[in-house]
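# Geometric and topological summary
Each chain, letter by letter, is given below.
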Amino acid sequence: MNTSRRAAIKELLLEKPFVSLKELEVMFPEVSSMTLRRDIEYFEQQGEAIKVRGGARSMKFITTSMEDSFHQRLGENMSAKEKIARRAIELIETGRSLFLDSGTTVLTLASLLPDERHTIVTTGPNIALELIKKNQAIVNIVGGMVNRDNISISGNQALRFLEDINIDIAFIVPSGLSIKDGFTSGNYSECELKRMVVEKARRVVVLMDTSKLDRSLPFTFCQLENVHTIVADKPLPDDITRAAIEAGVEIIVTE
């Protein structure tokens, strides 16, 4: 291991949101591409980068908080979150394979979920702890890096875990929804994970209080046509309602 080379790569990751493999090959012509890929994997294991096609994304830029912290959101809109969670539970049949996203709305859902036989995968450590209070559910949690802001696990390890999982119903919580950008997230790594879940799930249910409306964060994980149901606490704006109906999305309003 060349410590000076890795020190130089670390400096790049602190300065730039993306470092390409080609850039590293120019900087370090004396080593092979395979060695440089191992360097990228090293920084991913250290939680300082995410390996992506053609290089690495710096976690310094990815994890800069684009969203309010979990603890700040925990006490907000609790009545709306409970209504959304109770209505979402009505969509679940016993024995299904479920994916539960991270977030305060899903934590409420987990606490209210009846003690029935389900196989559940979640990205939220706190949600897994809530679920294991029940006796019948089989609870799986993905492995990977924990985001402190929203207590969610993501990264390549999490993606690899999900590759082998079948999902009947996925309950997803976006950070924003707009006509222009679709459903968005403030964290690139979590965006990639949500995108995979949306692609794998037979039914995608978005849980969304209306504070998320007309809000666009940096990373889009899906569009209206990629989801099946939206459960919201209040009626959606006319333009979003029209677009959702045109996309064949079922809209459930709790009020």
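A brief look at the structure comes next. What you are looking at is a predicted structure, and each value in this text was computed from that prediction instead of being measured. (Residues numbered from 1 in each chain as written. Predicted model: local features only at pLDDT ≥ 70, side-chain atom pairs only at ≥ 80, totals over all residues. Heavy atoms only, no water.)

### A closer look at the sheet that holds strand β6 (residues 138–141)
Selection rule: By definition, two strands form a pair when at least two bridges between them are found by DSSP. Under the DSSP-based scheme used, a helix requires at least four consecutive residues in state H or I and a strand at least two consecutive residues in state E, with every element numbered from the N terminus. The angle between two axes is taken between their N-to-C directions and runs from 0 to 180 degrees, where each axis is a line fitted to C-alpha atoms and a helix contributes only its stretch in contact. Any two residues having at least one pair of non-hydrogen atoms within 4.5 Å are treated as being in contact.
What the seven strands build is an open sheet, ordered β6-β5-β4-β9-β12-β14-β15; its pairing is parallel. A single partner strand is all that each edge strand has here, and the edge strands are β6 and β15 (250–253). The mean inter-strand angle of the sheet, taken between neighbouring strand axes irrespective of direction, is 20°. Relative to strand β5 (residues 119–122), strand β4 (residues 97–100) is paired through four bridges, and the arrangement is parallel. Bridge pairing in β5 places L98 opposite I120. Contacting β4, β9 (169–172) and β12 (203–208), helix α10 (residues 188–200) crosses the sheet at an angle of about 150° to β9.

### As for empty space enclosed by the protein
We apply this condition: With a 1 Å grid spanning the protein atoms alone, the term cavity applies to any set of points in which a 1.4 Å probe fits but cannot get out, the term pocket to an open set with protein on both sides within 12 Å along at least five of seven lines, and the term lining residue to any residue with an atom within 4 Å of a point. Grid points are joined across faces, edges and corners, and a volume is the space filled by probe spheres set on the points. Amino acid classes used here: Ala, Val, Leu, Ile, Met, Phe, Trp, Tyr, Cys and Pro are nonpolar; Asp, Glu, Lys and Arg are charged; the rest, including Gly, are polar.
Counting across every chain of the model gives two cavities of 30 Å³ or more. Of the pockets and cavities examined, the second largest cavity occupies roughly 30 Å³. Among the elements of the structure, β8 (152–154) and α10 are those that each provide at least two residues to the lining of the second largest cavity. Residue composition of the lining of the second largest cavity, by class: two nonpolar, three polar and three charged.

### Here we look at the layout of surface pockets
Quantified by volume, the second largest pocket comes out at close to 230 Å³. The wall of the second largest pocket is formed by 14 residues, among which E44, Q45, M145, N156 and Q157 lie closest to the centre. If you list the elements that add at least two residues to the lining of the second largest pocket, you get α3 (33–45), β2 (49–52) and α9 (156–163).

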